[in-house]
Structures are given as structure tokens and as C-alpha cells.
Amino acid sequence: WHCGPPDMVCGTKIVPAEDLRRCRGQEDRCSPGPRHVPAAAARRAGRAAPRVGAGGTGPAGERGVCIREFQEAARRIFYDGIMERIPNTAFRGLRQHPRTQLLYALLAALCFAVTRSLLLTCLVPAGLLGLRYYYSRKVILAYLDCALHTDMADIEQYYMKPPGSCFWVAVLDGNVVGIVAARAHEEDNTVELLRMSVDSRFRGKGIAKALGRRVLEFAVVHNYSAVVLGTTAVKVAAHKLYESLGFRHMGASDHYVLPGMTLSLAERLFFQVRYHRYRLQLREE
Ligand SMILES: CC(C)(COP(=O)(O)OP(=O)(O)OC[C@H]1O[C@@H](n2cnc3c(N)ncnc32)[C@H](O)[C@@H]1OP(=O)(O)O)[C@@H](O)C(=O)NCCC(=O)NCCS
């Protein structure tokens, strides 16, 4: 697998050790590009990631350990990226929800009407922001728990074995610094890009863009007609990233139910997300 521009980004792939043995001489389902045997891909990945490895040519047990290390690192990057959403959703995200702002202003006015106390009224916004933080944390931790018990629990099983799925890690100096996954939806011949995240210490270096391009290559090579994704990210970075990769914004919804949400009244009052859909059409159907 190549170390494409920028120079420090090495896209590599988590290669299941037993698949590597089984597939020797067969086509590599996940590889972009002219197709090649996984053993060769793994050798190149092994060179790209000397310390962590990616299913290199060592003994099978050793490769298994490498994969477990990759999965651990991938889960850590995913976890950190999602945890950043807590303050972003609680505070920054409020700007996207004018009706909630109005409701909070009415609550403050009501407090003043009832108590006639400026001090208590001033405490209302602080209390509301505290509740927003509490519920954002609760929902996002529940979401993380769902993800860490489904696809992210066993990346190898979930992404490397089914046809049409794949998982890549970006490796820098032998350390995993970014992740992305692809999952095909055969019913509409699209590939979904998901789990994009880059270690905060290595952002702004083009790592996410390189990972995104890898998913696009994967979709082209496997003849899918479009790449789609959905995101509840509040910060501009994720949106700029997808736009810079050529995705079109297809709309946003305030009624998205995040896995892990209970939709209780308190959650509705103090936790809101906006779900953005993006699509990159590769060819006409
Ligand atoms: C979003 C994220 C993946 C970007 O990773 P990155 O490696 O820093 O991104 P890149 O360096 O590859 O930048 C790609 C593009 O995004 C844009 N971008 C990245 N960070 C930005 C920022 N802070 N502000 C504005 N634009 C930004 C740039 O315009 C760049 O395009 P360009 O090369 O044409 O200028 C990273 O910030 C992250 O992991 N965030 C937390 C998890 C997350 O939100 N993931 C997305 C979930 S859908």
C-alpha cells in the first residue's frame, strides 16, 4: 500500500491474520487499485508501519497480536473523537437550535416573573448549560457504548470479513493516527463512509483527506455508484473535510435519533443534534 501525499501519511489496512493465510494468491477485496494479493499488500503495510504492523509476514500469532494492537489503537481514536462531541453538542450546538434558545429564554423570564430575583434569574442559563452538558454526556456515552459493543468491538469480524466492507488506519511512525471505515449498501449500490477520526495531535496534516480518498477509491474499484455519509458533527472541520473531498450536502434533519437516545422529555429539552447527509456521486446508475 502506498504512502501517498502528504508524505507522512501511510494508509494501511487491518488485515485479519487467518484471512491473510487463506487468501494468499487470491484477490484482495479491500485493495484499491490494480488488485493485488493480500500477502503483498500486507508486506507493504508492514513496511509502512514498522512498529505496530498490519498483518505482516511474521508468524501467525505475531500477526494476530498486531491486529489486536491496531484494533485497540483504532478504538482509542474513535473514543477520543466521539468524546469531543460532548462539549461541542452541549454548548456550540445550541447555536443551531433557535427554538431551544427561545425556550431557555422563556424559562429565564418565567423564573424572574416568579421569583423577582435577578440573582436567581442569572443562575438559570448556568443551570441550563449544566443540564445540557449532563445530557450530552449521557447520550454520547450511550452511543459510544453501542458502537463499542457492535462494529467497533470486533473490527476484523465486522469490516474485514463481509464483502463490501473495509477498515483503514493511517499510520505515522508506526502509530495509528487516524481511522475510517466503509460499508456497502447493496440495495442502492452505495458505500457508506463512517468512523472517520484523526488523533487530535495529528490534525490539519491531510490525514483525514487521505483516508477519505481511500474510501472513494474503494467505491470506484468495486463499481459502487456513490459514497454517502451522515454526520452529527458540530465543528466545521468535518463539514469542510467532506466538502473538500467533493461531497455534496444533501440536507439536514433535527429529528435524527442517535443510537443510545431514550427520547425522554429531559433528553429532548437538553440534547439536540442536527444530522447532515452528504453524497458523492461517482457515476450515473
Ligand atoms: C474532522 C477530522 C477527521 C479532520 O481530520 P484532519 O486530518 O485534521 O483533516 P485534514 O487535515 O485531512 O483536512 C481535510 C480538509 O478539512 C478541512 N479542515 C480540517 N480541519 C479544519 C478546521 N479545523 N477548520 C476548518 N477546516 C478544516 C480543510 O479544509 C481540509 O481541506 P483542504 O486540504 O482542502 O484545505 C478531525 O478533525 C477529527 O477527527 N475530528 C473528530 C472526529 C470527527 O468529528 N469526525 C468526523 C465524524 S463524521
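Since we're looking at a predicted model, the values are computed, not measured.

**A look at the overall build of the protein chain**
When helices and strands are tallied, the protein chain shows 10 helices and 7 strands. The 285 residues of the protein chain split such that 49% are buried. Taking as baseline every contact in the protein chain between residues at least 6 positions apart, the subset at least 24 positions apart corresponds to 70%. Of the roughly 14100 Å² of accessible surface on the protein chain, a fraction of 58% belongs to carbon and sulfur atoms.

**Looking at helix α9 (residues 236-244)**
Of the positions making up α9, those classed as buried are Ala 238, His 239, Leu 241 and Tyr 242. Buried residues of α9, seen end-on, are gathered within an arc of 160° and therefore sit on one face of the element. Of the exposed residues in α9, the ones pointing more than 90 degrees away from its buried face are Val 236, Ala 237 and Lys 240. The inward-facing, buried residues of α9 abut β4 (190-198), α8 (207-221), β5 (226-231) and β7 (275-281). Phi turns positive one or two residues past the end of α9, at Gly 246, with a value near 105°.

**Let's talk about the packing of aromatic side chains**
On inspection of all chains with the given rule, the structure shows 10 aromatic pairs. Relative to Phe 218, the ring of Trp 168 lies with its centre 5.4 Å away and its plane at 75°, an arrangement referred to as edge-to-face. In this pair, Trp 168 sits in strand β2 (residues 165-172) while Phe 218 sits in helix α8, placing the two residues 50 residues apart along the sequence. Each ring, one from Tyr 256 and one from Tyr 275, has its centre 3.9 Å from the other, and the planes form 10°; the classification is stacked. Of this pair, Tyr 256 sits in the loop between β6 (248-253) and α10 (265-270) while Tyr 275 sits in strand β7, and the two are 19 residues apart along the sequence.

**Details of the confidence of the model for the protein chain**
Of all residues in the protein chain, 76% attain a pLDDT of 70 or more, and the chain-wide mean is 82. Across residues 1-11 the pLDDT falls below 50, and counting only partners more than four positions away or on other chains, this stretch makes 35 contacts in the model. With pLDDT under 50 throughout, residues 15-63 is counted as low confidence; its partners more than four residues away or in other chains account for 103 contacts.

**Some points on the pattern of salt bridges**
Applying the stated criterion across every chain yields a total of 10 salt bridges. Its salt-bridge partner being Asp 199, residue Arg 76 comes within 3.8 Å of it at the nearest N-O pair. Separated by 123 residues along the polypeptide, Arg 76 in helix α3 (residues 60-83) and Asp 199 in the loop between β4 and α8 bring together distant segments of the chain. Since its relative accessible area comes to 36%, Arg 76 is described here as partly exposed. Classification of Asp 199 as buried rests on a relative accessible area of 8%. Note that Arg 195 is salt-bridged to Asp 151, the shortest N-O span being 2.8 Å. Taken together, the positions of Arg 195 in strand β4 and Asp 151 in the loop between α6 (118-148) and α7 (155-160) put the pair 44 residues apart, joining distant regions of the chain. Accessibility assignment for this pair places Arg 195 and Asp 151 in one class, buried. Each of the salt bridges in this network shares a partner with another, and the network as a whole consists of Arg 76, Asp 80, Asp 199 and Arg 201.

The rules behind each value
Residues numbered from 1 in each chain as written. Predicted model: local features only at pLDDT ≥ 70, side-chain atom pairs only at ≥ 80, totals over all residues. Heavy atoms only, no water. Helix = DSSP H or I, 4+ residues; strand = E, 2+ residues; numbered from the N terminus. Buried < 20%, exposed > 50% of the residue type's maximum accessible area, 1.4 Å probe, protein only. Contact = heavy atoms within 4.5 Å. Areas by Shrake-Rupley, 256 points an atom, 1.4 Å probe, with all protein chains shown as cover. Arc of directions from axis to C-beta. Phe/Tyr/Trp six-rings, centres within 6.5 Å; stacked < 30°, edge-to-face > 60°. pLDDT = per-residue confidence, 0-100. Salt bridge = Lys/Arg side-chain N within 4 Å of Asp/Glu carboxyl O.

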